[in-house]
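Here is how the chains run, residue by residue.
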Amino acid sequence: MRAILPWVAVLGFAMLAQVAVGPVVGHYWTKILMDVGIAVLLAVSLNIVNGFTGQFSIGHAGFMAVGGYTAGILTYYGGAALFDLPPGAVAPGIAGHLWFALSTLVGGVVAAVAGVVVGLPSLRLRGDYLAIVTLGFGEIMRVLLTRTEDVIGSAEELATAPWTTQVVSTGGSLGFTGLPFYTNLFWTWLWTGIAILVAYRLKESSTGRAMLSVREDEVASGAMGVRTTDVKVIAFAMAALFAGIAGGLFAHEIGTTLNPAELGFQKSFEIVIMVVLGGMGSVTGAALAATILTIVPELLREFSEYRMIVYAALLVVVMLVRPTGLLGHREIWHAWRRS
Amino acid sequence: MTPALFARGVSIRFGGLAAVSNFELALPVGGLYGLIGPNGAGKTTLFNLLTGVYRPDQGEIRLGERDLIGSAPSAIAASGLARTFQNIRLFHQLSALDNVRVAQFAHRRTGLVATLLRTPAWRREEEADRAAAEAWLTAVGLEGRGAELARNLPYGDQRRLEIARALALRPKVLLLDEPAAGMNPQEKLGLRSLIRTLRDTYDLSILLIEHDMGLVMDVCEHITVLDHGEVIARGTAAEVQVDPAVVEAYLGSPEAA
Amino acid sequence: MTRVLQTLMDGVAVGSTYALIALGYTMVYGILRFINFAHSDIFMLGAWFSFSLAGVFGWTLAGATPPPWAAVVVLLGAMSGTAVLGYAIERVAYRPLRSAPRINVLIAAIGVSLLIENIGQLPIAFGTQPQRMPSLLPDAVLFEVSGVSIRLVDTLVIGIALGLMAALEWLIYGTRLGLAMRAVSTDAQTAALMGVPVDRVVSATFAVGSALAAAAGFLYASKYPGINQPAHATWILLGLKAFVAAVVGGIGNVRGAMAGGLLIGMVEIFGAAYLSPHLRDVYVFALLILVLLVRPAGLLGRATVEKV
């Protein structure tokens, strides 16, 4: 019972966000709260790699792109075939939303597989090659995605296009436009809640401790029987899974366009900054930092030019003054108790 | 009877330097053997060879019946060969208890899905492991200190924690790399009885590197002396002490003196 | 045949700029064991400093033809500017983290990188518009081989790059400073005990590496005059490819970086010419993954044993 209760709580929280919070705060803040949810999902998942295992991945946006485009293809072209609707139409009722949920999940799984393929060669090695490989991966994804064909807009054209054409018709550098707006507060906060719960349970478990030991001292970790490469790959795949799901949510959100330029390394860096500021290894810290760093720029739009300068300066200063981030690897309630 | 740990003809070169050549050892089950030698004799390199951190150029290493050559350090550790480090390598940001619990991971039966769902089986194993980890802390004299971060422990206690962590692997053979380094005479005395107790209580076979001659001569029933990567003498404490090659290695040759 | 020759010329030109950047990565990695992420921004600044300096002297696209020594002035100016900056960055952002975990230094380096890019885009700096570099290096068709014109600018780019590499080779293997650099790279602790001033050696390494990156920036802008705005993705990407060159050659190995740079340039330009021009970055990273899988220490690197 104790084990199931948190899952129920996550579900309840997501439903509450959808039916009680959304209508009260209005469209503008609903959009911001969805943005916050996606940012938290990205930061909490990246923290599994960067914070728990101490490996340095800076290609999170690349996995987001893999998941987002996969899910987009499934809802846009797959949805059209499945529900016999014009491409991009929202399928009515619960069926459409279930198809969306499945699509995001598939996107996440594809991203996780990509994560294993990309991560394995560099995770075998000690050192910081992972940073370069993930960054390179993100950029390759971006370049490849700009080379895709135009989105097929009409039902007639779609009828004659084979699926092999459909999967590469994702809009090139203009972005995958016309995706149905399935993303809402419920789905956003359901996935985000799941990610937080998974990350926290992981941290407070033997697998999580094995991950932390890799971060602390990889040689000693191996000498204590931990298969360090396996542990790193598991962490990396889990992070990629949630990044892919975040990509699916992002793709189907109102007011955003899934385009390659949006998912470049600038995006990856923003997620890194959230993790570092929140505290490497702190689940709640990453979530808190993601929330603040999403809402504050929204409120200070006129200073957007200086936003990245402030972020960058913060990053350097935090490393010099408080190298483990604001919370370190403690959770919010630990910090509370101490003060 | 098959020795607990067996090595024959083990050699490794780094560049032009023969760091260890033709090393031989047969550590019997329940044995408490010592490995001594001047600085740079190749003692720690040998531990790294035995535990799979380095792969020997030649030679044979067996843990019981199991051939260890080519196995990953983690696999060797999980199969029953645990070690401590000369230059303490604890997980500094983790608590003492979590340091010990990391070493239990290799023996876990419940997997990732059970971990995330927190199944009853997972919970039982977690609780059993926690109790066992606390028992290991008690065994080395760190009872009630589990919540402290490893880096905040005093030096001598960090050495003890390294031993507790190694024990949590439930090894057959334990390699101790200078466990008394940096300890005061009081702590060394405690360590002496701890090593003996551990061997007797947990059916361990122990190989000990130590600079403190008093400790080695006192606890070890058999001593191997290494110099420039080669075994120059072996035998009981009394035999080794009077061996001319050993005297020369430690004091320098008569001509040089 | 014509095409091969032309592609070869481009490959060597681009490859030698990669090599110059890769040298900075590899020297810093050799001594401090971390990836200086801000190095690609130093390269970017090299191009922008060159452009701005030329503007100060009135050598603009619209202005009169610059004198032949203009290139020397601009090149040396840009190199000194980034050398000072590289020195300052190490002093302020990296030195306090000398004993910190490497991931912290890496994050600080990313911070420095973002800082340079975004300050560079401010109106008081270089702004957010791309610019066009005036041609300071003289250009003419030197001679033609079976229809391919060998251009003076390409020859000069390659010549200057090779000259700088030869100078670095002399610095490292022929001077006391180079000896100290090699000593620190082998074992910083022991070098310090032997009386090598480690901090000064590190400073010098950053200054030299940054100057070489600036030279690469100048040469790159001379060959491809369209200079993108400071935060544009191309800079990071070019820097990344140079880092790949350093890894492929064997990170920490100076000659490896030179060889790796040329190899990467060849792979990229030949791939672009004969396979698909849009996937040039893909070839480079595919090569990286291949090297990591097959020979993680790099082509000229030796596998190192970590001290336990």
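Note that the coordinates shown come from a computational prediction; the quantities given were computed from them, not determined experimentally.

Enquirer: Looking at this model, I keep getting lost on the interface of chain C and chain A. Mind explaining?
Expert: A common way to express how large an interface is: the accessible area buried when the components associate. Listed as interface residues are 46 residues of chain C and, on the opposing side, 42 residues of chain A. When the two sides are added together, the surface that chain C and chain A hide from each other amounts to roughly 3800 Å², 81% of it contributed by carbon and sulfur. When the buried surface of chain C facing chain A is broken down by residue, Ile 107, Leu 114 and Leu 292 of chain C rank first, second and third, together holding 15% of it. There are zero salt bridges connecting chain C and chain A. Linking chain C to chain A there are one residue pair in polar contact (both at pLDDT 80 or more). Broken down by element, the residue count for the side of chain C that touches chain A peaks at 14 residues, all from helix H4 (residues 102-120) of chain C. Grouping the constituent residues of the side of chain C that touches chain A by class yields 37 nonpolar, four polar and five charged.

Enquirer: Explain the interface of chain B and chain A to me, please; I cannot follow it from the model alone.
Expert: Opposite the 30 residues of chain B that make contact, chain A presents 30 residues. Contact between chain B and chain A buries roughly 2700 Å² in total, counting both sides, with carbon and sulfur atoms accounting for 65%. One can count two salt bridges joining chain B with chain A. Between Arg 209 of chain A and Glu 126 of chain B there is a salt bridge, with its nearest N and O atoms 3.0 Å apart. Along the contact surface separating chain B from chain A lie seven residue pairs in polar contact (both at pLDDT 80 or more). When residues of the side of chain B that touches chain A are traced back to their parent elements, those giving at least two are helix H2 (73-78), helix H3 (96-102), helix H4 (112-117), helix H5 (120-139) and helix H6 (155-167) of chain B. By residue class, the composition of the side of chain B that touches chain A is 17 nonpolar, four polar and nine charged.

Enquirer: For this particular structure, what's the right way to read the nonpolar core?
Expert: Where a protein is soluble and globular, its nonpolar side chains tend to be buried together. Counting residues in hydrophobic clusters, the biggest one holds 273 residues, and the most contacted among them are Leu 20, Phe 37 and Tyr 94 of chain C. A per-element tally of this core places helix H1 (residues 5-53) of chain A first, with 17 residues. With 28 residues, the next largest nonpolar core counts Ala 4, Val 10, Phe 47 and Leu 81 of chain B among its residues.

Enquirer: Would you explain H1 of chain A in this entry?
Expert: Residue pairs spaced three or four apart in an α-helix point in one direction, given the helix's 3.6 residues per turn. Residue and element names in this part refer to chain A. If you check H1, its first and last C-alpha atoms are just 28 Å apart, much less than what 49 residues at 1.5 Å a residue would give, namely 72 Å. Along H1, the sharpest kink reaches roughly 130°, centred on Gly 26. Directly beyond the C-terminal end of H1, a positive phi value near 70° is found at Gly 54.

Enquirer: Honestly, the environment of Ser 221 of chain A in this entry has me stumped. Any pointers?
Expert: With respect to the element layout, Ser 221 of chain A can be found in helix H9 (residues 218-223). When residues no more than four places from it in sequence are discounted, the contact partners of Ser 221 of chain A are Ala 210, Ser 213, Val 214, Val 226 and Thr 228 of chain A together with Phe 91 of chain B.

Enquirer: Which parts of the structure should I look at to understand the packing of H1 of chain A against helix H12 (residues 283-299) of chain A?
Expert: The description of two helices packed together rests on the angle between their axes and the distance between the axes. Residue and element names in this part refer to chain A. In contact at an axis separation of 8 Å, H1 and H12 are set at 140° when each is read in the N-to-C sense. With respect to their mutual orientation, H1 and H12 come out oblique. Considering how the two elements wind past one another, H1 and H12 form a crossing that is right-handed. Listed contacts from H12 to Tyr 28, Trp 29, Ile 32, Asp 35, Val 36, Ala 39, Val 40, Ala 43, Val 44, Asn 47 and Phe 52 of H1 are Val 283, Ala 286, Ala 287, Ala 290, Thr 291, Thr 294, Ile 295, Glu 298 and Leu 299. Residues that form the contact of H1 with H12 fall into these classes: 15 nonpolar, three polar and two charged.

Enquirer: How should I be thinking about the sheet that holds strand S6 (residues 81-83) of chain B in this particular structure?
Expert: Within a sheet, neighbouring strands are paired by backbone hydrogen bonds and run either parallel or antiparallel to one another. Residues and elements named next belong to chain B. An order of S6-S7-S8-S3-S9-S10 is seen for the six strands of this open sheet, with the pairing classed as mixed. In this open sheet, the two edge strands, each paired with only one partner strand, are S6 and strand S10 (230-235). Averaged over all pairs of adjacent strands, the angle between strand axes in this sheet comes to 20°, irrespective of strand direction. Bridging between strand S3 (residues 32-36) and strand S9 (residues 222-227) involves four bridges; their strand directions are parallel. In the strand pairing of S9, Leu 35 is matched with Thr 224.

Enquirer: Is there a simple way to think about helix H10 (residues 228-251) of chain A in this case?
Expert: Counted at 1.5 Å a residue, the expected span for H10 of chain A with its 24 residues is 34 Å, and the 34 Å between its end C-alpha atoms agrees. The buried fraction of H10 of chain A is high, at 20 of 24 residues.

Enquirer: Whenever I open this one, the sheet that holds strand S2 (residues 17-27) of chain B confuses me. Can you help?
Expert: Residue and element names in this part refer to chain B. Taken in spatial order, the four strands of this open sheet run S2-S1-S4-S5, and their pairing is antiparallel. Only two strands of the sheet have a single neighbouring strand rather than two, namely S2 and strand S5 (66-67). Here strand S1 (residues 5-14) runs beside strand S4 (residues 58-63); their pairing, made up of five bridges, is antiparallel. Its bridge partner lying in S4, Ala 7 is registered against Ile 61. Along the sheet, helix H1 (residues 43-50) makes contact with S1, S2 and S4, crossing S1 at roughly 115°.

Enquirer: Can you help me understand the packing of aromatic side chains in this one?
Expert: In this description, an aromatic ring pair is defined by two values, namely the gap between the centres and the angle between the planes. Tallied over the full model, the rule gives 27 aromatic pairs over all chains. Seen in terms of ring centroids, Phe 186 of chain A and Trp 187 of chain A are 5.0 Å apart; in terms of plane orientation they differ by 65°. Their pairing is edge-to-face. Since its relative accessible area comes to 10%, Trp 187 of chain A is described here as buried. Between the aromatic rings of Trp 59 of chain C and Trp 69 of chain C, the centroid separation amounts to 5.8 Å while the plane-to-plane angle is 80°, which identifies the pairing as edge-to-face. Residue Trp 59 of chain C is found in the loop between helix H2 (39-56) and helix H3 (70-94), and its partner Trp 69 of chain C is found in the loop between H2 and H3; the two are separated by 10 residues along the sequence. Classification of Trp 59 of chain C as buried rests on a relative accessible area of 8%.

Scoring rules and cut-offs
Residues numbered from 1 in each chain as written. Chains lettered and ligands numbered in written order. Predicted model: local features only at pLDDT ≥ 70, side-chain atom pairs only at ≥ 80, totals over all residues. Heavy atoms only, no water. Contact = heavy atoms within 4.5 Å. Buried area = accessible area lost by both parts, 1.4 Å probe. Salt bridge = Lys/Arg side-chain N within 4 Å of Asp/Glu carboxyl O. Polar contact = N/O pair within 3.5 Å; in protein donor to acceptor, adjacent residues only side chain to side chain. Helix = DSSP H or I, 4+ residues; strand = E, 2+ residues; numbered from the N terminus. Nonpolar A, V, L, I, M, F, W, Y, C, P; charged D, E, K, R; others polar. Core = buried A, V, L, I, M, F, W, Y, C linked by side-chain atoms within 4.5 Å. Buried < 20%, exposed > 50% of the residue type's maximum accessible area, 1.4 Å probe, protein only. Expected span 1.5 Å × (residues − 1). Bend = angle between axes of the 7 residues up to and from the residue. Axes fitted to C-alpha atoms, helices over the stretch in contact; angles between N-to-C directions. Parallel < 35°, antiparallel > 145°, perpendicular 65-115°, else oblique. Left-handed = near helix turned anticlockwise from the far one by under 90°. Pairing = 2+ DSSP bridges. Phe/Tyr/Trp six-rings, centres within 6.5 Å; stacked < 30°, edge-to-face > 60°.

Geometry only, nothing functional implied.
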